[in-house]
Amino acid sequence: MTFTEVSSSINAGKYNCELPYPSLISKNHIFDPEKSAGWNRDEVEAHNKENREKQKLYFEKRKSLVAMFKADLIQAIEDCFSLNTAQAELIFMMAWDRGHGCGLYQVIPEAEKLAEFYCDMAGLERGNQA
């Protein structure tokens, strides 16, 4: 795996969650003004209960996609810099902290910079970078 392949996977949507994010509605929401307050309250509770279950599925899916991205990027770090898994995971965690707020794309160059820095500091020979 290379950094270019990870970037291409992002472009291809490999790490995108296809599930829409289900939102909750305010407890004071009125579905039908012609119906009673109790009926509207029950509808809100039913809607939110259903969407909480959908949110759980959404977050599980997102978690699995992030785990897939993490595994791919760690593999790229290992392959491109000839580092072991523990070293690559440490670099990934630091790159994630620095870059994920700007999207997955930003994690990749952060990982590359950190891996280069680590190799320079440790006096390690770099692998086949791409």
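Report follows, based on the coordinates. (Residues numbered from 1 in each chain as written. Predicted model: local features only at pLDDT ≥ 70, side-chain atom pairs only at ≥ 80, totals over all residues. Heavy atoms only, no water.)

### Overview of the nonpolar core
Defined as follows: By nonpolar core is meant a set of buried Ala, Val, Leu, Ile, Met, Phe, Trp, Tyr and Cys residues that side-chain atoms within 4.5 Å join together. Exposure classes here rest on a 1.4 Å probe applied to the protein chains alone. A residue is buried below 20% of its type maximum, exposed above 50%, and partly exposed in between. Contacts are residue-level and defined by heavy atoms, with any inter-residue pair within 4.5 Å sufficient.
In terms of nonpolar packing, the biggest core is built from 23 residues, with Phe3, Phe69, Leu73, Ile77 and Phe92 touching the most fellow members. Not counting residues within four places of it along the chain, the set of residues in contact with isoleucine 77 comprises Phe3, Ser82, Leu83, Ala88, Ile91, Phe92, Ala111 and Ala115.

### Here's the deal with the pattern of salt bridges
Keep this limit in mind: We count a salt bridge whenever a side-chain nitrogen from Lys or Arg sits within 4 Å of a carboxyl oxygen from Asp or Glu. Strands are runs of DSSP state E lasting at least 2 residues, helices are runs of H or I lasting at least 4, and numbering of each runs from the N terminus.
Across all of its chains, the model carries 6 salt bridges by this definition. Across the pair glutamate 53 and lysine 56 runs a salt bridge, and its minimum N-O distance is 3.6 Å. Within this pair, glutamate 53 and its partner lysine 56 are both found in helix 2 (residues 37–81), separated by 3 residues, close to a single helical turn. By relative accessible area, lysine 56 is classed as partly exposed at 48%. The residue lysine 113 makes a salt bridge to glutamate 110 at a minimum N-O spacing of 3.5 Å. Of this pair, lysine 113 and glutamate 110 are both found in helix 4 (residues 104–122), 3 residues apart, which corresponds to roughly one turn of the helix. Its relative accessible area of 48% is what places lysine 113 among the partly exposed residues. Ionic contacts of the salt-bridge type, sharing partners, join the residues Arg98, Glu110 and Lys113 into one network.

### Quick look at the packing of aromatic side chains
What counts here: Think of it this way: a Phe, Tyr or Trp ring, Trp meaning its six-membered ring, pairs with another when their centres are within 6.5 Å, and the plane angle makes it stacked under 30 degrees, edge-to-face over 60, tilted otherwise. Charge-over-ring placement is defined geometrically: NZ (Lys) or CZ (Arg) within 6 Å of the ring centre, and within 35 degrees of the ring normal.
Tallied over the entire structure, the rule returns 8 aromatic pairs. Ring geometry for tyrosine 58 versus phenylalanine 59: centroids 5.5 Å apart, planes at 75 degrees, classification edge-to-face. Given the relative accessible area of 15%, tyrosine 58 is considered buried. Residues phenylalanine 92 and tryptophan 96 carry aromatic rings whose centres are separated by 5.8 Å and whose planes lie at 25 degrees to one another, so their mutual orientation is stacked. Of the two residues, phenylalanine 92 and tryptophan 96 are both situated in helix 3 (residues 85–99); the distance of 4 residues between them amounts to about one turn of the helix. In terms of burial, phenylalanine 92 and tryptophan 96 fall into one category: buried. One cation-aromatic arrangement involves lysine 35 over tryptophan 39; the distance from NZ or CZ to the ring centre is 4.7 Å.

Geometric values such as these leave the question of function open.
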